[in-house]
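Secondary and tertiary structure notes
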Amino acid sequence: MPKAIRPTTPLLGLTAALLVACCALQPATAQPVEGAFVDALVKNRRPDQARNMLFGPDGQLYVSSLSSHSVLRYDGITGNYLGDVVTPRSGGLQSPRGMIFGPDGDLYLSSFDTDEVLRFDGATGLFKEVFVAAGTGLLDGPAGLAFTSAGTLLVSSIRTDEILQFDPSGIYLGVFVPASGQELRYFYSITIGPDGHLYAAGYASHNVLRFDGSDGSFIDVFVTSRTGGLLYPYSLAFGPDNQLFVGRFGPSVLKYDGDSGAYLSYFASRIVPGPFTVTYLVVAFDAEGQLYVYDNDANSVFRHHGRTGQLIDAFVDGENEGLYGPFGITLGPDSSLFVANFEGERVLRFHQNTGQSRRPSLACCLNMPSRPIDVLLDASSRLYASSFSEDKVVRFDAITGDALPEYIPPGSGGLDGASGMAIDPDSVHLYVGSIFTDEVLRYNLETGEFVDVFVTSQSGGLDAPHGVLFGPDGHLYVGSYHSDAILRYDGLSGMFMDAFVGPGSGGLDAPQDHVFGPDGHLYVSSLFTNEVLRYDGSTGAFKNVYVPALSGGLDGPRGLLFGPENLLYVSSFDTREVLRFVGPARAAGTASISPVIFSSELRGNFPNPFNRSTQIAYSLAQPAFVRLTIYDAMGRLVEVLVDEDQAAGEYTATLDADKLPSGVYTYRMETSGFSRTRQMVLVR
């Protein structure tokens, strides 16, 4: 949503033109193309409709997502999202169900909708080949995957109710487990047990069957139907004590004796309330023997003690990772990017350079805004969020995430459908758009008390105000959603001045947000044309389509801001992303402002894991002598990346790992008053 020009610093008294100029561009050999797509900085990071998960050879957690047709990777220690290791529909992947690392180190995925098994590079996730082509051996609905001790691949074929066998090159060897001919079983999950035999979860027959691991001959019904309440078993895993754990469509994981199949206990009952009392549960164990349970209803992965079942934490928190309907965006202290997660009904926090989720997000409080539209930072590092559904504005400490006392209560001053917000240049008042009354209301910034109706209903034709912004001239610019215009009002009196951007100018259709750029021009997100439009900052005349429709996948542009390195950030509502585009050249005579660093920090490295090189980001709150060192797993010094005096600011150091072997490495940042250590993984 539109917003006042927000500094990344707590400085007061700066002109609006300076505030929009964040971070000067670094010297470059070629001038970047204005408006060109850079990257999708923030994506929806929660594993929607996961059907399989496992820990890879690198110790990271891999989760296949049925709905996004991809595989997501999370840090095996922290649970932080590391990226889509297999990007959506890579190699034609559709509805991945089975997933396994092969003896060759590559990642194999069953593509259920295309009746194929695909092979991807185990380190990079890049598509390598169709390992099993559609129709091979009458494969129909591939799901579970397992490798035998002989290196052959077993694939459950759901619609033929068989398990097929393929050699290490993908050549069809025959039916390993034939259809029963008596009842449907639907083996969604298969695994090789500690005894070398094949265990198959009969989703339709409500049991677990055991077959000889060498020839596929039937041994027994290892867990009989409904034993311990077994219904719709979906996922199998053997634990550290060789007991069998069964994830199912139900309220808990079930535990069975690994030798006899006898029922032992309910284990790791689901702990997050949701609209359903039962849900798909998918299970996996890490190298330390901890149990991880994916809860389909919560879209989260929970970590439990592997022997007691006691909950440890929400390892992948779907509430904090799920970017559903991003609206307003703003930058905050310590390189944070705050996103109003409209459909997720909370405010999420990410790193503004890497896009990594930063905890805590503002998600823990009773007065969390329902359907937040806009977010705004003041000079005291307080974050404001407007609640469209509850007609209020809440305030948080932007550093700790703690909620502050009630600010603007529901309906104060007639607020109805709270939308865009702005703080005046003197930091005295907060201005809030009221969509359903067609007004802009004014409140005391410190107390939240209602002052007056600053822009009266329908003034100048205002219809459903969305964006609210003070411009460089000190006047208030308001986006009129239904009249497709940007209206300008006197910054002191609120009197209508003009339609700065006339109705439909340049194809403007349903303006959402607007911001003045470092070139002094006005940028507007046009919702129904999926574009960002640029207008002359002095006259309002249309200049050009700055970001074309669907550039970088842009769909449903909402919030806008100019961030570090002069990049334009745009929230893409329908694709659940925050995208970045090349910003315009800075206008002559304008100064750049370096962001104020609130604390020294070793931010982490990206990418992680990495293959050839990685960048380590850090910041200094004040000038200091900095030493940044790399150590191997034995604690031996490998390289000194930084060993010098540096000024306060943001830095990145690049580690070139061409001559280093695979493994876990530690990097340490030291100054006179600060020391921090982190780990990274090099994968060849």
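Residues numbered from 1 in each chain as written. Predicted model: local features only at pLDDT ≥ 70, side-chain atom pairs only at ≥ 80, totals over all residues. Heavy atoms only, no water.

Each helix and strand counted, the protein has 2 helices and 53 strands in total. A total of 684 residues make up the protein; the buried ones form 59% of that total. When the accessible surface of the protein is summed, it comes to about 25,200 Å², and 51% of that surface belongs to carbon and sulfur atoms. (Helix = DSSP H or I, 4+ residues; strand = E, 2+ residues; numbered from the N terminus. Buried < 20%, exposed > 50% of the residue type's maximum accessible area, 1.4 Å probe, protein only. Areas by Shrake-Rupley, 256 points an atom, 1.4 Å probe, with all protein chains shown as cover.)

Here we take up the sheet that holds strand β28 (residues 346-351). Spatial strand order, β26-β27-β28: 3 strands in an open sheet with antiparallel pairing. The two strands at the open ends of the sheet, each matched to only one other strand, are β26 (326-332) and β28. Between one strand axis and the next, the sheet turns through 25° on average, direction left out of account. Alignment of strand β27 (residues 336-341) against β28, held across 6 bridges, turns out to be antiparallel. Bridging from a neighbouring strand, A340 pairs with V347 of β28. (Pairing = 2+ DSSP bridges. Axes fitted to C-alpha atoms, helices over the stretch in contact; angles between N-to-C directions.)

Another aspect to go through is the nonpolar core. Counting residues in each nonpolar core, the largest one holds 21 residues, and the members touching the most others are M53, L61, Y74 and V301. Mapped by element, the contributors of at least two residues to this core are β2 (50-55), β3 (61-65), β4 (70-74), β22 (279-285), β23 (291-295) and β25 (311-316). (Core = buried A, V, L, I, M, F, W, Y, C linked by side-chain atoms within 4.5 Å.)

On the basis of which strands lie adjacent, the open sheet formed by 4 strands has the order β32-β33-β34-β35 and antiparallel pairing. Every interior strand has two partners, whereas the edge strands, β32 (418-423) and β35 (450-455), have only one. Within the sheet, the average angular offset between the axes of one strand and its neighbour, ignoring direction, is 30°. One ladder, built from 4 bridges, connects strand β34 (residues 439-444) with β35; its direction is antiparallel. When the sheet's bridge partners are listed, R442 is paired in β35 with D452.

Moving on, we come to the pairing of strand β9 (residues 127-132). Pairing between strand β8 (residues 116-120) and β9: 4 bridges, direction antiparallel. Looking at the pairing, V117 lines up with V132 of β9. Where β8 folds back onto β9 in an antiparallel hairpin, the turn is made up of 6 residues, including G125, whose phi is positive at roughly 80°.

Turning next to the environment of D104. Turning to its location among the elements, D104 is positioned in the loop between β6 (96-101) and β7 (107-111). A sequence separation of 18 residues divides D104 from G122, and the C-alpha atoms of the two residues are 8.6 Å apart. Only 2.7 Å separates the side chain of D104 from the side chain of Y108, close enough to count as a polar contact. (Polar contact = N/O pair within 3.5 Å; in protein donor to acceptor, adjacent residues only side chain to side chain.)

Any pair of aromatic rings gets described here by the distance separating the centres and the angle formed by the planes. Tallying each qualifying case throughout the model produces 39 aromatic pairs. Pairing F187 with F211 gives two aromatic rings, centres 6.2 Å apart and planes at 75°, and the pair type is edge-to-face. In this pair, F187 sits in strand β14 (residues 187-192) while F211 sits in strand β16 (residues 207-211), placing the two residues 24 residues apart along the sequence. Just as F187 is buried, F211 falls in that class too. Centre to centre, the rings of Y188 and Y203 are 5.2 Å apart; their planes meet at 90°, and the pair counts as edge-to-face. Taken together, the residues Y188 in strand β14 and Y203 in the loop between β15 (198-202) and β16 connect sequence positions 15 residues apart. This pair shows no difference in class: Y188 is buried, exactly as Y203 is. Taken together, the ring pairs connect Y186, Y188, Y203, Y232, Y234 and F249 into an aromatic cluster. The ring of Y266 carries the charged tip of R248 above its face, separated from the ring centre by 5.4 Å. (Phe/Tyr/Trp six-rings, centres within 6.5 Å; stacked < 30°, edge-to-face > 60°. Lys NZ or Arg CZ within 6 Å of the ring centre and 35° of its normal.)

A word on the side chain of S387. Looking at the element boundaries, S387 is found in strand β30 (residues 382-387). Of note is the side chain of S387, whose polar atom sits 2.8 Å from the backbone oxygen of S370. Discounting chain neighbours no more than four positions away, the residues touching S387 are P369, S370, R371, P372, K392 and A418. (Contact = heavy atoms within 4.5 Å.)

This paragraph deals with the confidence of the model for the protein. Looking at the protein, pLDDT values average 85 and 88% of them are 70 or higher. Predicted confidence in the protein is weakest over helix α1 (residues 16-19), with a mean pLDDT of 32, and strongest over β34, with 98. The low-confidence segment residues 272-277, where pLDDT is below 50, has 8 contacts with residues more than four positions distant or belonging to other chains. For the stretch residues 589-598, pLDDT sits under 50, and the model shows 35 contacts to residues farther than four places along the chain or on other chains. (pLDDT = per-residue confidence, 0-100.)

Here the phi dihedral of R89 falls at roughly 65°; this positive angle occurs in a residue that is not glycine. With respect to the secondary-structure elements, R89 resides in the loop between β5 (81-86) and β6. If you check the backbone angles, R371 has positive phi at about 55° while not being a glycine. Relative to the helices and strands, R371 resides in the loop between β28 and β29 (372-377). Residue R371 is classed as partly exposed on the basis of its relative accessible area, which comes to 35%.

Any two side chains of opposite charge can pair, given that their charged atoms come close. By the definition in use, this model includes 22 salt bridges. For D195, the salt bridge identified is with R210, shortest N-O distance 3.4 Å. With D195 in the loop between β14 and β15 and R210 in strand β16, this pair connects stretches of sequence that are 15 residues apart. By relative accessible area, which is 12% here, R210 ends up buried. Among the salt bridges present, the one from D313 reaches R303, with a minimum N-O distance of 2.6 Å. In this pair, D313 is assigned in strand β25 and R303 in strand β24 (residues 300-304), connecting sequence segments 10 residues apart. Overlapping salt bridges, with partners in common, bring together D104, D106, R119, K128 and E129 in one network. (Salt bridge = Lys/Arg side-chain N within 4 Å of Asp/Glu carboxyl O.)

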